[in-house]
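Per-entry structural report
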Amino acid sequence: MSDLVSQITARRSDILARLAKAAQDAGRSASECQLVAVSKRQPDARIEAMLEAGQRVFGENRVQEAQDHWLARRERYPDLELRLIGPLQSNKAADAVALFDVIETIDRDKIAGAIAREIRRQDRHPQLYVQVNTGEEAQKAGVTPLELPAFLSRLREVHGLSVHGLMCIPPVDEPAGLHFALLAKLAREVGVTSLSMGMSSDFEIAIGLGASSVRVGSALFGERQS
Ligand SMILES: *Cc1c(COP(=O)(O)O)cnc(C)c1O
């Protein structure tokens, strides 16, 4: 094994052990908590090493960069699962539906319409999540908690889309647990089962509050390139 592969393998084992411990402490099974390796702005060599370490689920926040990282690798790894965790523009809807298995950032009618059209046109059916702006921050994407029920109805009734889960990114200056608990409560209220929440610094808290997937970047790969 190269140094990089053994280093990345060790990092991944450490994160998986922490994930399993957090699940166990919460009386949950580790298999209910999926580790999404966030590969945005990571060098190719680390991505290759992560694949060698056995990781198959990856998150990206830009469609174009995700294509650069994954279009060719998809052929080599048919069991890859790719998740879009960043903001989506409607002119990228076709590429997003073509590439991703999960799109976590549905938050506007225009995007929903564009995604629905592409799903029909391509007959590809990625799982869809709605991003919730739990902190109601002006600069952040996502629907507010208050808007969520009506937005979900519109997705179903106007666009014919079914929603698999909710996703949030808590404000940096507030305890993340409050936001994870709010997202879990909203999911119960609207009858959605999957929860994408928790990053490098707080994924154990998220697992304790019901995350079904955690999005971990720097703690797995090392610091990102700027
Ligand atoms: C970059 C990113 C992450 C990963 O962040 P780390 O702190 O490096 O784990 C998770 N979620 C989203 C939406 C991101 O953009």
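From a predicted model like this one, the values you see are computed outputs, not experimental measurements.

Re the overall build of the chain
- Helix and strand content of the chain: nine helices and eight strands.
- Rg of the C-alpha trace for the chain: 17 Å, near the compact-globule value of 17 Å for 226 residues, within the 12% margin.
- A separation threshold of at least 6 residues defines the contact pool for the chain, and within that pool the share at least 24 residues apart is 59%.
- Element-wise, carbon and sulfur atoms account for 49% of the exposed surface of the chain, whose accessible area totals about 10,700 Å².
- When the 28 basic and 30 acidic side-chain charges of the chain are each reduced to a single mean position, those positions are 2 Å apart.

Examining the site of the ligand
- Looking at the ligand, there are 13 residues lining it, with K40, S200, G217, S218 and R224 nearest.
- At 2.5 Å, a side-chain N or O of S200 approaches an oxygen atom of the ligand.
- Protein burial of the ligand: of its 390 Å² of free accessible surface, 90% is covered by the chains.
- Grouping the constituent residues of the shell around the ligand by class yields six nonpolar, four polar and three charged.

Quick look at helix α3 (residues 63-76)
- Here α3 is 14 residues long and its end C-alpha atoms lie 20 Å apart, about the 20 Å a rise of 1.5 Å per residue gives.
- Along its length, α3 reaches its greatest deviation from straightness, about 40 degrees, at W70.
- Looking at α3, one finds that the buried residues are V63, E65, A66, Q67, H69, W70 and R73.
- Turning to α3, the residues buried within the fold contact α2 (44-52), β2 (57-60), β3 (81-84) and α4 (93-99).

Some points on the pairing of β3
- Alignment of β2 against β3, held across four bridges, turns out to be parallel. Looking across to β3, one finds that F58 is bridged to L82.
- Tracing the backbone out of β2, into α3 and back to the parallel element β3 gives a crossover that is right-handed.

Looking at the pattern of salt bridges
- In total, this model carries 16 salt bridges according to the counting rule given.
- Residues joined in a network through salt bridges with shared partners are D44, E48, R73 and R76.

Observations concerning the packing of aromatic side chains
- This structure, assessed with the given rule, holds one aromatic pair.
- Seen in terms of ring centroids, F58 and W70 are 4.4 Å apart; in terms of plane orientation they differ by 40 degrees. Their pairing is tilted. Note that F58 is positioned in strand β2 and W70 in helix α3, a separation of twelve residues in sequence.
- F58 gets classed as buried once you look at its relative accessible area, which sits at 0%.
- One residue, R73, lies across the ring of W70, its end atom 5.9 Å from the ring centre.

Observations regarding the nonpolar core
- I103, I106, I115, V130 and L166 are the most contacted members of the largest nonpolar core, which has 64 residues in total.
- Contacts of I106, omitting those with residues within four sequence positions, involve I111, A112, I115, L128, Y129, V130, Q131, F151 and L155.
- One finds V38, I85, Y129 and M167 within the second-largest nonpolar core, a separate group that totals five residues.

Structural notes on the environment of R124
- Take R124: it is sitting in the loop between α5 (109-122) and β5 (127-131).
- Owing to a relative accessible area of 28%, R124 belongs among the partly exposed residues under this scheme.
- R124 sits ten residues away from A114 along the chain, and the two C-alpha atoms are 14 Å apart.
- Setting aside anything within four residues of it in sequence, one finds R124 in contact with V97, A98, L99, F100, D101 and I119.
- From its side chain, R124 meets the backbone oxygen of A98 in a polar contact 3.3 Å long.

What counts as what
Residues numbered from 1 in each chain as written. Predicted model: local features only at pLDDT ≥ 70, side-chain atom pairs only at ≥ 80, totals over all residues. Heavy atoms only, no water. Helix = DSSP H or I, 4+ residues; strand = E, 2+ residues; numbered from the N terminus. Rg over C-alpha atoms; globule rule 2.2 N^0.38 Å. Contact = heavy atoms within 4.5 Å. Areas by Shrake-Rupley, 256 points an atom, 1.4 Å probe, with all protein chains shown as cover. Lys, Arg positive; Asp, Glu negative; His and termini not counted. Charge placed at Lys NZ, Arg CZ, Asp CG, Glu CD. Near = heavy atom within 4 Å. Polar contact = N/O pair within 3.5 Å; in protein donor to acceptor, adjacent residues only side chain to side chain. Nonpolar A, V, L, I, M, F, W, Y, C, P; charged D, E, K, R; others polar. Expected span 1.5 Å × (residues − 1). Bend = angle between axes of the 7 residues up to and from the residue. Buried < 20%, exposed > 50% of the residue type's maximum accessible area, 1.4 Å probe, protein only. Pairing = 2+ DSSP bridges. Right-handed = clockwise from strand over helix to strand, strands pointing away. Salt bridge = Lys/Arg side-chain N within 4 Å of Asp/Glu carboxyl O. Phe/Tyr/Trp six-rings, centres within 6.5 Å; stacked < 30°, edge-to-face > 60°. Lys NZ or Arg CZ within 6 Å of the ring centre and 35° of its normal. Core = buried A, V, L, I, M, F, W, Y, C linked by side-chain atoms within 4.5 Å.

Honestly, it's all geometry; don't read function into it.
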